Amino acid sequence: MRKKAKKSLGQNFLVSKNHIEKIILAVNPQPEDLILEIGPGRGAITKSLVESGARVIAVELDSDLAGFLQKEFSERKNFSVIHADILDVKLCGLLYKKAKVVGNLPYYVSTAILQKIVREKDFILDCTFMFQKEVADRILAQPKNKQRGFLTVIAQTFLFVEKIFEVPPFAFRPVPKVWSSVVKAIPKEESDIEIERFFDFVGKCFSQKRKTLFNNLRGLDLIDLAQLEQILETVEINKTQRAEALTNEEWKKLFLAFEKALKAKP
Ligand code: SAM
């Protein structure tokens, strides 16, 4: 498979055997596993996944590559490839049990894929994802770090996230300009937070990152000022803080208190 890589599809193919092995170790595929691979490309990671005996379903947007993989693994009963955009695929219709998800993710769409994973986490056992290092740093950022934002909060609220290792540009062809990081993500049991409303709330709180959380919330005009002050006091969040300073626990408390106040509104 020597076709030119398509930049528009984020095609930087992994060629370093050492890094492919490290990803496979992190996935730890077992014969009884169901594995979803996002963007299998030329099959660098796919090959070892299939050889493990696990059932592997791959979703690839590039029709040439999907056709290539279909032929390449035509003898393997435990492999199938779907030619589709992963963002259009409903995991509930694709997976017959909880799956391990793997992907050297196309960078242009990696944050949208992470949001999809959060929304559909009930179908997922764990994820092993390669991100651009800058994106991984945002996902993993701790309170008071400037990189902490919407993506951080939604990822850390619904997933345990951990960086496993970094990957240098020379591990790929074509060689990208930046380093990458492999991140493991495991869904949390999070029952009392309604995901779409939380996404919306956190998005609004970060709408103007340089403003304080209080001023961002005040600008929304959802509840009156005195009530907003009361909520912040009850959940012990200082009015002068910015959204990036809040811990995961504080986000949860603030959101639930805000929801309660909105529901009680006449
Ligand atoms: N897994 C291969 C590897 O490690 O060498 C390829 C990784 S490459 C960074 C990303 C792959 O995702 C490409 O094969 C690209 O065609 C595919 N892709 C891009 N956008 C996609 C999408 N929306 N849905 C599914 N696959 C996509």
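Just so you know, these numbers come straight off a predicted model, no measurement behind them.

Draft legend 1. Summary view of the overall build of the protein chain. Counting secondary structure elements, the protein chain contains eleven helices and nine strands. Across its three principal directions, the C-alpha atoms of the protein chain cover 65 × 40 × 30 Å. Taken across its 266 residues, the protein chain has 50% of its residues classed as buried. Considering only contacts within the protein chain whose residues lie at least 6 apart along the sequence, 68% involve residues at least 24 apart. Surface accessibility of the protein chain: about 13500 Å² in total, with carbon and sulfur atoms responsible for 51%. The average position of the 43 basic charges and that of the 34 acidic charges among the side chains of the protein chain differ by 5 Å.

Draft legend 2. Summary view of the packing of helix H8 (residues 195–205) against helix H11 (residues 248–264). Running from N to C, H8 and H11 cross one another at 105 degrees; their axes reach a closest spacing of 11 Å. Here H11 runs roughly perpendicular to H8, going by the angle between their axes. Two secondary-structure elements touch here, H8 through Arg197, Phe198, Phe201, Val202 and Cys205 and H11 through Trp251, Leu254, Phe255, Phe258, Glu259 and Leu262. The residue makeup of the contact of H8 with H11, split by class, is nine nonpolar, no polar and two charged.

Draft legend 3. Broad picture of the domain arrangement of the protein chain. For the protein chain, the assigned domains are domain 1 (7–187) and domain 2 (195–264). Once you take the C-alpha centre of each, domain 1 and domain 2 turn out to be 33 Å apart. Of the roughly 1400 Å² buried at the junction of domain 1 and domain 2 (both faces included), carbon and sulfur atoms supply 64%. The largest share of the area that domain 1 buries against domain 2 comes from Arg119, Arg148 and Phe150, three residues that together contribute 36% of it. There are one salt bridge connecting domain 1 and domain 2. A salt bridge links Arg119 to Glu196; its shortest N-O distance comes to 2.6 Å. When residues of the side of domain 1 that touches domain 2 are traced back to their parent elements, those giving at least two are helix H5 (110–119) and helix H7 (150–158). In terms of residue count, H7 provides more of the side of domain 1 that touches domain 2 than any other element does, six residues in total. Taken together, the residues that form the side of domain 1 that touches domain 2 break down as six nonpolar, six polar and five charged.

Rules behind the numbers
Residues numbered from 1 in each chain as written. Predicted model: local features only at pLDDT ≥ 70, side-chain atom pairs only at ≥ 80, totals over all residues. Heavy atoms only, no water. Helix = DSSP H or I, 4+ residues; strand = E, 2+ residues; numbered from the N terminus. Buried < 20%, exposed > 50% of the residue type's maximum accessible area, 1.4 Å probe, protein only. Contact = heavy atoms within 4.5 Å. Areas by Shrake-Rupley, 256 points an atom, 1.4 Å probe, with all protein chains shown as cover. Lys, Arg positive; Asp, Glu negative; His and termini not counted. Charge placed at Lys NZ, Arg CZ, Asp CG, Glu CD. Axes fitted to C-alpha atoms, helices over the stretch in contact; angles between N-to-C directions. Parallel < 35°, antiparallel > 145°, perpendicular 65-115°, else oblique. Nonpolar A, V, L, I, M, F, W, Y, C, P; charged D, E, K, R; others polar. Domains from an automatic or database assignment. Buried area = accessible area lost by both parts, 1.4 Å probe. Salt bridge = Lys/Arg side-chain N within 4 Å of Asp/Glu carboxyl O.

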